[in-house]
Amino acid sequence: MTPVLHYIALKTGRALFVVWAAFTVTFVLLFVLPANPVDLLFDPAELNAIPPEVKAQVADNYGFNEPVVLQYLDRLGHALTGDFGNSVQSGKPVVGAVLDVLPSTLALAAGALALAVLIAFGIALVATATRRAWLRNLVETLPSGAVSVPVFLSGVLMLQIFSFQLGWFPSFGDQGWRSLVLPLVTLAIPVAGPIAQLLVRSFAGEFHSGYVTTSWAKGATRGRIIVGDVLRNAALPALTIAGVTFGNLIAGAVITETVFARKGVGRMTQTAINTLDLPLVAGIVVLVAVSFAVINLAVDLIFPVLDPRLRATLTAGNPG
Amino acid sequence: MSDLRSSIENAESGRRRWPWIAGGAVLAVLLAAGITVALARGDSGAKAAGDGSPARGGTLQFALIDYQRSPDPQWGTNYAESLIGNNVTDKLTWQDPDTGEITPWLAESWEYNADLTEFTFHLRKDVTFSDGTRFDSAAVKANFDQYVHGDQKLGINPNGAVLLSGYVETRTPDDWTAVVRFAKPLASFLQASSFTANAQPGFLSLATLKLSAEQRTDATKVIGTGPFVYESWEEQVKTVLVKRKGYNWAPPALRHQGEAYLDRIVFNTIPEASVRTGSLASGTIDATLDVGTTDEEPLRAKGFKIIHRSVSGTAIYFNFNSRLFPTNDIAVRKAIQLGWNRESIEKTVLTDSYSIATSVLNKSVRGYVDYSGSVLKYDPEQAKKLLDDAGWKLGADGIRVKDGKRLEVKLLGISNLVVNKPAYESVQQDLRKIGIDLQLTVVPIPDYSAQVAKAKTDWNVTAANRSRNDPAALNLVYNPKLGNSSFLDANSTGVDVNEVTTALDSLETTLDPAERDAYAKTAQDLLVEKYALVNPIYNPSQVIAHADHVHGIVFDAQSRNHFVNAWKSNGK
């Protein structure tokens, strides 16, 4: 096997392992939890009045009476064929339920990511390009500020001003692009933070490096150096935190979707866990795990293409 | 290297400074303008009301905290589900919210045998499902059979097994007569036939009953006889209902002729309280349920109407575990009843929409008896005396001790109603003053459900409420043969378990109003006064805020809403 193939196989194997482990851990966790998904189908005040045979019948409906190992194997087997069963609460097929809300979350996450990257580059560019110390200092405080503002707070504030008072954007639900603006901005702020922090630092680092000096010497303008030389090389480290960024997006999406009453994977995850909707939780976790794995795999595979040094070690037979 | 860079930089100084400054200035101006316009618009309130005669048409934008998890109205545990179910399906009977009397709806009349095991309903002959098929005794039978037994193949749960406990069968001697039979007396079935709360017996068409749980998630296939039909159901987001053409069988008690006034209702799910009230204030929605106690006054001040109804059934109660130390001591239970200040909860936690409990039953339930003059009052001196007499001595930390054990009372409660926790904390503070350490664990529903399984051995008090406008709710909650919330058994010291069981059993044995009132009184006397098995706290409420142009939203006997009578006077 060539080193490159070996590298790809190793990374893909790791990704598959992560997905399997996520499925298994989810299953175990939901079984270890003290609450019973069947109980959560009833009025909590009525729980102790429900005859055991009724509970047994309901549990039977979802296969919860089978031995745990059998349930696990059964669910795993079906999951391999893409069948995660039906949601305990709604009765919808899990795959359909997730696919129903996925586009809405993807639009939100992709839009927020694009906006976050724009904001982050904006901050880094201003911080690097300006020669006013006060402006640089101000701009450099923005990333940590962005990380510390709770999504909940910024969301409610933005609703208050731009929706309730000005009426520019709808306050809830899905009504085309106008419904997307406020959630996008809300979610983009905390996601932009870490990216901007990283960019500011690597911009500064690259600005001091030898090849920039060479460019200066050749008479390039400041703008040309930033766009032509620094930008490309400084962007590379940002790619490595793609996984972290994705995590931030998912975490932020739960709150953003709740505040703006949007449908989405984040909110669905929250309710699924609250109601111990095992099939639904398993389906969502596998989806998220696959996305994580694919993103990290993509980064791993793209990196050698972008970074000649890594490519060199790879061809030298030292995958890693 | 750095010298070189800085010298080149310096040589370039002075350029491209202004774009940043200009950009910042533009941003600041925009923000300032936004806030100014926002403040100027701040006074937009509700519009003036109409002349009082109902107008037809319009879409009601309604908001609530929960979303409907499945369009199947025979299942559900939240208000979104019961509210929507009520407007898509009808019931056999209608319970008058004021008197508690059971009045006709899909059934024109009914009779029952002396044992209360057989109920014969004579159905209206003009009722149809929205798919055009007729509503008849076969439909009643098919619905009740599936409602009670479920259907394993279709993935349908036995949703009505508790409400219709002991259901045997429905006989259909003719198309318009349905005879519902039970294995044992079930007086409360008459009220159950009108039930509009969780997992309600609303009638679905025969075609709908043949659908699996999965197929029922296509809302347009869920067919009822109600004043509205499903247009769409979007999980997490909204459910849209449209007026049923040709509807003409609203409960006669509502005095509503013909179709619903509104063309459409949109039930919007808005989880955040501030977004619900903000959307109402800005005119995006017409009405919202789940109004927080702190939002009532500001909304009223802006010209919105606040309507509410106390949730019929039991109050929010502290059910005492009669088997677990220290609540196995009746003196402790009685001291807790007397040991907290009702007035301070009324002043600091509740609004006018809520009330302090004066019995385990809500005032609106038939058979309610007022105990505010006897044991459900604040009397810390009497409480202390009870504890002193029972041998509870004050310890060094202010908490009483007996036989070396502290007077610690562990409470398990649900945090779903915002009022619960502050109310319980108020009780906790007062009890501390008389030497009782009430330890609160107030958690979301899943955690509560998990803990309830261990209530017998781990918890002195479980705090919840039961929404059912019938005194037989007490039977469900406390009867040792059913819910047994006080864990009564032969070992319960100082409690005559047979006496309690007999009293609760008898609630299901008569529908004679006077007799039933007497049984309800006996049951409350035992639970509240004699054995102090329950410490009722407050009566929860459903609170709606709506714009001035919204009229006719009905609260039924279960405090759920019906919109057949609702209309809008702003022409939208």
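So, how was this worked out
- Residues numbered from 1 in each chain as written.
- Chains lettered and ligands numbered in written order.
- Predicted model: local features only at pLDDT ≥ 70, side-chain atom pairs only at ≥ 80, totals over all residues.
- Heavy atoms only, no water.
- pLDDT = per-residue confidence, 0-100.
- Contact = heavy atoms within 4.5 Å.
- 1 Å grid on protein atoms, 1.4 Å probe; cavity = no way out; pocket = protein on both sides within 12 Å on 5 of 7 lines; lining within 4 Å.
- Points joined across faces, edges and corners; volume = space filled by probe spheres on them.
- Nonpolar A, V, L, I, M, F, W, Y, C, P; charged D, E, K, R; others polar.
- Helix = DSSP H or I, 4+ residues; strand = E, 2+ residues; numbered from the N terminus.
- Domains from an automatic or database assignment.
- Buried area = accessible area lost by both parts, 1.4 Å probe.
- Salt bridge = Lys/Arg side-chain N within 4 Å of Asp/Glu carboxyl O.
- Polar contact = N/O pair within 3.5 Å; in protein donor to acceptor, adjacent residues only side chain to side chain.
- Axes fitted to C-alpha atoms, helices over the stretch in contact; angles between N-to-C directions.
- Parallel < 35°, antiparallel > 145°, perpendicular 65-115°, else oblique.
- Left-handed = near helix turned anticlockwise from the far one by under 90°.
- Phe/Tyr/Trp six-rings, centres within 6.5 Å; stacked < 30°, edge-to-face > 60°.
- Buried < 20%, exposed > 50% of the residue type's maximum accessible area, 1.4 Å probe, protein only.
- Lys NZ or Arg CZ within 6 Å of the ring centre and 35° of its normal.

Asker: If you had to explain the confidence of the model for chain B to someone new, which residues and values would you point to?
Answerer: Low-pLDDT stretches of the model should not have their predicted coordinates read in fine detail. Residues and elements named next belong to chain B. Per-residue confidence for chain B gives a mean pLDDT of 90, with 91% of residues at or over 70. Low confidence marks residues 1-24, where pLDDT is under 50. Its contacts with residues over four positions away, or in another chain, come to 20 contacts. pLDDT under 50 marks residues 36-50. Its contacts with residues more than four places away, or in other chains, come to 24 contacts. Quick note on the complex model: pTM equals 0.86, ipTM equals 0.83.

Asker: Hey, could you go over empty space enclosed by the protein for me, with residue numbers and the actual values?
Answerer: By the definition in use, this model includes seven cavities of 30 Å³ or more. A volume near 230 Å³ is recorded for the largest cavity. For the largest cavity, the lining is made up of 21 residues, of which A:Phe42, A:Glu46, B:Asn159, B:Asn198 and B:Ala199 are closest to its centre. For the lining of the largest cavity, the residue count by class is eleven nonpolar, seven polar and three charged. Its volume calculated, the second largest cavity comes out at about 110 Å³. For the second largest cavity, the lining is made up of 13 residues, of which A:Ala45, A:Asn48, B:Tyr448, B:Thr462 and B:Ser485 are closest to its centre. Its residues assigned to classes, the lining of the second largest cavity comprises nine nonpolar, four polar and no charged.

Asker: Which residues make up unusual backbone geometry, and what are the values?
Answerer: All names here are of chain B. Omega for the bond connecting Phe 325 with Pro 326 falls within 30 degrees of zero, at 0°, which places this linkage in the cis form. Within the secondary structure, Pro 326 is located in the loop between strand 13 (316-320) and helix 9 (330-338). In the Ramachandran plot, Asn 484 falls in the positive-phi region, its phi being about 45° despite a non-glycine side chain. Considering the arrangement of structural elements, one finds Asn 484 in the loop between helix 15 (473-478) and helix 16 (497-506).

Asker: Outline the domain arrangement of chain B, listing residues and values.
Answerer: All names here are of chain B. When cut into domains, chain B gives domain 1 (7-307 + 543-568) and domain 2 (316-539). Computed over C-alpha atoms only, the centres of domain 1 and domain 2 are separated by 32 Å. On the side of domain 2, 18 residues touch domain 1, which itself brings 24 residues to the contact. Interface of domain 1 and domain 2: buried area, both sides summed, is about 1600 Å²; carbon and sulfur atoms make up 50% of it. Contact with domain 2 buries area across many residues of domain 1, yet Ala 187, Ser 188 and Thr 293 alone supply 28% of it, more than any other trio. At the junction of domain 1 with domain 2, the criterion picks out zero salt bridges. Counting across the domain 1 and domain 2 interface gives eleven residue pairs in polar contact (both at pLDDT 80 or more).

Asker: Break down the packing of helix 4 (residues 94-129) of chain A against helix 9 (residues 222-240) of chain A for me, citing the residues and quoting the values.
Answerer: Residue and element names in this part refer to chain A. Interaxial distance between helix 4 and helix 9 falls to 12 Å at its minimum, and their mutual angle equals 130°. Between helix 4 and helix 9, the crossing angle belongs to the class labelled oblique. Regarding helix 4 and helix 9, the two cross each other, and that crossing is right-handed. Taken together, the residues of helix 9 that come into contact with helix 4 (itself represented by Phe 121, Leu 125, Thr 128 and Ala 129) are Arg 222, Ile 226, Leu 231 and Ala 235. Residue classes in the contact of helix 4 with helix 9 are distributed as six nonpolar, one polar and one charged.

Asker: Describe the packing of aromatic side chains, naming the residues involved and giving the relevant values.
Answerer: Aromatic rings considered in pairs are described by the distance between their centres and by the relative angle of their planes. All names here are of chain B. For the coordinates displayed, the defined rule picks out 26 aromatic pairs over all chains. Ring plane angle 65° and centroid distance 6.1 Å describe the contact between Phe 129 and Phe 135, whose orientation is recorded as edge-to-face. Residues Phe 129 and Phe 135 agree in their burial class; the two are buried. Pairwise contacts between aromatic rings join Trp 110, Tyr 112, Phe 119, Phe 121, Phe 129, Phe 135, Phe 144, Tyr 167, Phe 182, Phe 189 and Phe 203 into one cluster. Sitting over the ring of Phe 325, Lys 405 keeps its end group 4.2 Å from the ring centre. The ring of Phe 195 carries Arg 468 above its face, with NZ or CZ at 5.7 Å from the centroid.

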